[in-house]
Amino acid sequence: MSKILVSIVSDQTIPNVIFIKELSSFDYYYFITTETMEKRGKCESIIKSSHLDNCIFKKITVIEDDIEEIIKKLKNEFEFQDEDEIYINLTCGTKIMSIAVYNFFKDYNSKIFYIPIGKNIYKKIFPISKSIEKEIKYRINLYDYLKAYNIDTESSNKKELTYDYLFTQNVFNKYIETPFDKEIINILREQRGKNNPSIDYDNSKIKEFLIRYGLPDKLNKKDINYITGGWFEEYVYYKIKQLLQLTDDNIDLNLRVKRNGIDNELDVIFVFDNKLYVIECKTIIKTKEDHLYNNSLYKLAAIKKDYGLDVQGFIFVLEDVNADLKKRANVYNVITIDKQSLINPDIFNDNFLKFFKNKE
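Computed from a predicted model, the values in this text were never measured in an experiment. Position numbers for residues start from 1 in each chain and track the written sequence from start to end. A pLDDT threshold of at least 70 governs which residues receive local features in this predicted model, and a stricter bar of 80 or more applies before side-chain atom pairs are shown or counted, although totals over entire chains, interfaces and linings include all residues. Values reported for side chains reflect all heavy atoms of the structure, with hydrogen atoms and water molecules removed beforehand.

**Concerning the side chain of glutamate 280**
Stage number 1. By definition, any uninterrupted DSSP run of H or I lasting at least four residues is a helix, any uninterrupted run of E lasting at least two residues is a strand, and each is numbered from the N terminus. Of note, glutamate 280 is situated in strand β11 (residues 275-282).
Stage number 2. Each residue is placed in one exposure class: buried if its accessible area under a 1.4 Å probe, protein chains only, is under 20% of its type's maximum, exposed if it is over 50%, and partly exposed if it falls in between. Residue classification places glutamate 280 among the buried positions, given a relative accessible area of 3%.
Stage number 3. Here a polar contact is taken to be a pair of N or O atoms separated by no more than 3.5 Å, where protein atoms must pair a possible hydrogen donor with a possible acceptor and residues adjacent in sequence count only if both atoms sit in side chains. A distance of 3.4 Å separates the side chain of glutamate 280 from the side chain of serine 296, its partner in a polar contact.
Stage number 4. We call two residues contacting when some pair of their heavy atoms lies within 4.5 Å. Setting aside its immediate chain neighbours within four residues, glutamate 280 contacts Glu265, Asp267, Ser296, Lys299, Leu300, Phe314, Ile315 and Phe316.

Structural data, given as structure tokens:
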């Protein structure tokens, strides 16, 4: 007797990956796919993310809106013995595909399941008399999540953090007391990216600035990148990793990714309970017309489109943000965590940590 898993393939790959990893140990894997999904490489992404490269699998390509044709294809190409145990994941694919697959397999020794989007449970919907709901214990890591959406990771900064958490926490605390001197930051920004920065260290204001924040007497390129914005990204990375007790394979910093030939850099990205979260970090957002603000919203909206339906975006901002800007962000399903949230634990809990409690 063999144990067979049948998965319907769609743009949303994570439910298939999670179900494969949760139940595991199948003898054969079947993927019911379409020409469109094949062109987008969805089967390959699922196989890669689920680490099924050395397993036995077969693809059955169907016409997504033709019930009779789908059932005919299954009759001709699905190979099994009467005693085989067949598991069906009905979560993905079009409604027509789901109906056809359900109607075909209900007459065999099969169990049919469904995963509600955004929940870590799976439900057995056939046989109806033995309906069950079980918790999904498997947790996908960040890099397997990205593989599932055919996203290549190229580089990140988490292994090259400039300073430790205590140092960066100290910078944050002092910044909250007194924001950086704009004149000094503008001087340093002019030197960003230079291997041999040219800075007037005899300038008394620069000397006082370096002493206040515990920076070296002479700044290198990495120090300048840190103090002109990178420090806040590192602070958010440290803070989220610590609060949510994330392992290294579940969170990344300044992660450079590529999808369909398009490069992108994500300030802080992590997975928690099989859901993806992306954070854009900004020290200042001036007005709703500010291009940096708009670019962050558009970027996070695009990520939701390309990285799965159940993605939550945040903008962390080191100043107070008015209600109009927050409402504008909400239109894009982006939550703003501003200065008041960052310095007030109760507000931070209400605006951010609530997303990570009682998830089931």
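**Concerning a negative patch on the surface**
Stage number 1. Patch rule: a residue counts if its relative accessible area is over 30% and it has no salt bridge; like charges are joined within 9 Å, and nonpolar side chains (Val, Leu, Ile, Met, Phe, Trp, Tyr) within 5 Å. Computed by Shrake-Rupley with a 1.4 Å probe, the accessible areas treat only the displayed protein chains as cover when residues are assessed. What counts as a salt bridge is simple: a side-chain nitrogen of Lys or Arg found within 4 Å of a carboxyl oxygen of Asp or Glu. Here the positive residues are Lys and Arg and the negative ones are Asp and Glu; neither His nor the chain ends is included. Here the site of a charge means atom NZ of a Lys, CZ of an Arg, CG of an Asp or CD of a Glu. Among the surface-exposed residues, Glu64, Asp65, Asp66 and Glu68 lie close enough to one another that they form a single negatively charged patch.
Stage number 2. By the element assignment, aspartate 65 lies in the loop between β3 (57-61) and α4 (67-77).
Stage number 3. Exposure remark for aspartate 65: the relative accessible area of 57% places this residue in the exposed category.

**Focus on the sheet that holds β11**
Stage number 1. At least two DSSP bridges between two strands are needed for those strands to be called paired. Strand order in the open sheet formed by six strands is β8-β9-β10-β11-β12-β13, with mixed pairing between adjacent strands. Each of the sheet's edge strands pairs with one partner strand only, and the pair in question is β8 (152-155) and β13 (334-337). Strand-to-strand twist of the sheet, defined as the mean angle between neighbouring strand axes without regard to direction, takes the value 40°.
Stage number 2. Where strand β10 (residues 262-272) meets β11, five bridges bridge the pair, whose relative direction is antiparallel. Looking across to β11, one finds that valine 271 is bridged to leucine 276.
Stage number 3. All axes are obtained by fitting lines to C-alpha atoms, using only the stretch in contact for helices, and the reported angles, taken between N-to-C directions, cover 0 to 180 degrees. Packing of helix α10 (residues 221-243) onto the sheet brings it into contact with β9 (251-259), β10, β11 and β12 (311-317), and relative to β9 it is tilted by some 110°.

**Details of the layout of surface pockets**
Stage number 1. In this analysis a 1.4 Å probe is tested at points of a 1 Å grid over the protein atoms alone, and where it fits but cannot get out there is a cavity; an open set with protein on both sides within 12 Å along at least five of seven lines is a pocket; lining residues have an atom within 4 Å of a point. Grid points are joined across faces, edges and corners, and a volume is the space filled by probe spheres set on the points. Put simply, the second largest pocket is a space of about 270 Å³.
Stage number 2. Contributing to the lining of the second largest pocket are 20 residues, with Ile14, Ile18, Gly118, Asn274 and Asp310 lying nearest its centre.
Stage number 3. If one sorts the elements of the lining of the second largest pocket by residue count, helix α1 (residues 14-23) sits on top with three residues.
Stage number 4. Charged means Asp, Glu, Lys or Arg here, nonpolar means Ala, Val, Leu, Ile, Met, Phe, Trp, Tyr, Cys or Pro, and polar covers whatever is left, Gly included. Along the lines of polarity and charge, the residues of the lining of the second largest pocket split into 10 nonpolar, five polar and five charged.

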